Amino acid sequence: MSVPGHQVEPGILPAIVVTGAPATGKSTTARELVRQLGGALLDQDVATGPLVQVVSRLVGVHDLDDPTLAGLTRDARYETLVALAVDNLRAGSPVVLVAPFTAERRDAHAWQSLNDQLAKAGGRPLLVWISLPADEIVGRLRRRAAPRDAAKLARERDYAADLAGLTAAPDVPHLVLDGLSSSAEQARRVVDAFSR
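Predicted model, so just to flag it, every value in this text is computed and none were measured.

Q: I'd love a proper account of the pairing of strand β5 (residues 175-178), names of residues and values included.
A: Where burial is concerned, the two faces of β5 differ: the one with L175 and L177 is buried and the one with V176 and D178 is not. Here strand β4 (residues 123-131) pairs with β5 via four bridges, running parallel. Bridge pairing links V128 to L175 in β5.

Q: Residue-level account of the pattern of salt bridges, with values.
A: Side-chain pairing between opposite charges can occur once the charged atoms of the two side chains come close. Within the structure shown, the criterion is met by six salt bridges. D45 is paired through a salt bridge with R77; the nearest N and O atoms lie 2.9 Å apart. Within this pair, whereas D45 is found in helix α2 (residues 44-59), its partner R77 is found in helix α3 (residues 67-90), the two being separated by 32 residues in sequence. Judged by its relative accessible area of 35%, D45 falls in the partly exposed class. Look at R77 and you get buried, because its relative accessible area is 11%. The residue E185 makes a salt bridge to R188 at a minimum N-O spacing of 2.9 Å.

Q: Please provide a residue-by-residue account of the environment of P125, values included.
A: Here P125 is to be found in strand β4. On the accessibility criterion, P125 (19% relative accessible area) is buried. The spatial distance from the C-alpha of P125 to the C-alpha of F194 is 9.2 Å, given a sequence separation of 69 residues. The contact partners of P125, leaving out residues within four places of it in the chain, are A15, W111, N115, L118 and A119.

Q: Account for the packing of aromatic side chains, with residues named and values stated.
A: One pass over the structure, following the stated rule, counts one aromatic pair. The interplanar angle of 65° and the centroid separation of 5.2 Å between the aromatic rings of Y78 and F101 together place this pair among those described as edge-to-face. Placement of Y78 in helix α3 and of F101 in the loop between β3 (95-98) and α4 (102-106) is noted, with a sequence separation of 23 residues between them. Taking the relative accessible area as the measure of exposure, Y78 reaches 8% and is therefore buried. Judged by relative accessible area, F101 falls into the buried class, the value being 0%. Sitting over the ring of Y78, R74 keeps its end group 3.9 Å from the ring centre. Lying over the aromatic face of F194, R124 brings its terminal NZ or CZ to 4.3 Å of the ring centre.

Q: Which residues make up the sheet that holds β4, and what are the values?
A: Read across the open sheet, the five strands follow the order β2-β3-β1-β4-β5; overall the sheet is parallel. Two strands lie at the open edges of the sheet, namely β2 (40-43) and β5, each paired on one side alone. This sheet shows a mean twist of 25° between the axes of neighbouring strands, independent of strand direction. Bridging between strand β1 (residues 13-20) and β4 involves eight bridges; their strand directions are parallel. Considered in β4, the bridge of V18 is made with V128. Seen against the sheet, α2 touches β2 and β3 and runs at an angle of roughly 50° to β2.

Calculation notes
- Residues numbered from 1 in each chain as written.
- Predicted model: local features only at pLDDT ≥ 70, side-chain atom pairs only at ≥ 80, totals over all residues.
- Heavy atoms only, no water.
- Buried < 20%, exposed > 50% of the residue type's maximum accessible area, 1.4 Å probe, protein only.
- Helix = DSSP H or I, 4+ residues; strand = E, 2+ residues; numbered from the N terminus.
- Pairing = 2+ DSSP bridges.
- Salt bridge = Lys/Arg side-chain N within 4 Å of Asp/Glu carboxyl O.
- Contact = heavy atoms within 4.5 Å.
- Phe/Tyr/Trp six-rings, centres within 6.5 Å; stacked < 30°, edge-to-face > 60°.
- Lys NZ or Arg CZ within 6 Å of the ring centre and 35° of its normal.
- Axes fitted to C-alpha atoms, helices over the stretch in contact; angles between N-to-C directions.

Any link to function would need more than the numbers given here.
This is the structure:
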């Protein structure tokens, strides 16, 4: 962690990248991580949601997973999230980023690019994957009944089948967390892994 008035050494600040399928508890775990580590919580939905809604209304598409809306907004959403992380790291603050990071967890080059950006700003990146069975994900989507999940639940059987790809572990180095354990326990595992 940083000490006020001291220069931050490269690679010493936590830069935790929290990913997982929808409804795995990414945001809940990230909030607990920030409570334990300090620093900035950077949630993609919070940081970019209002602008995505503007684009959504302009193109008449309301499902975030729709290829048209995703194609128009994905790059800008991730650029915003990473820019916020870089600014916070340069200011000496640990960061916890929350987003699906689908490309970054599947493609070694995409992960390396993200890793490099965070490391150059003084961060020590760690990709965290929250694992949860598909039936539990669908149950959580039903229980939270968020408007952003309506399209998924409207085609629940097909979506449950789609989850096979969404619940596959990352192809890049990562720490696996059990999504059925408490957010406090998950955060403790991340803090322990980071301090090794």
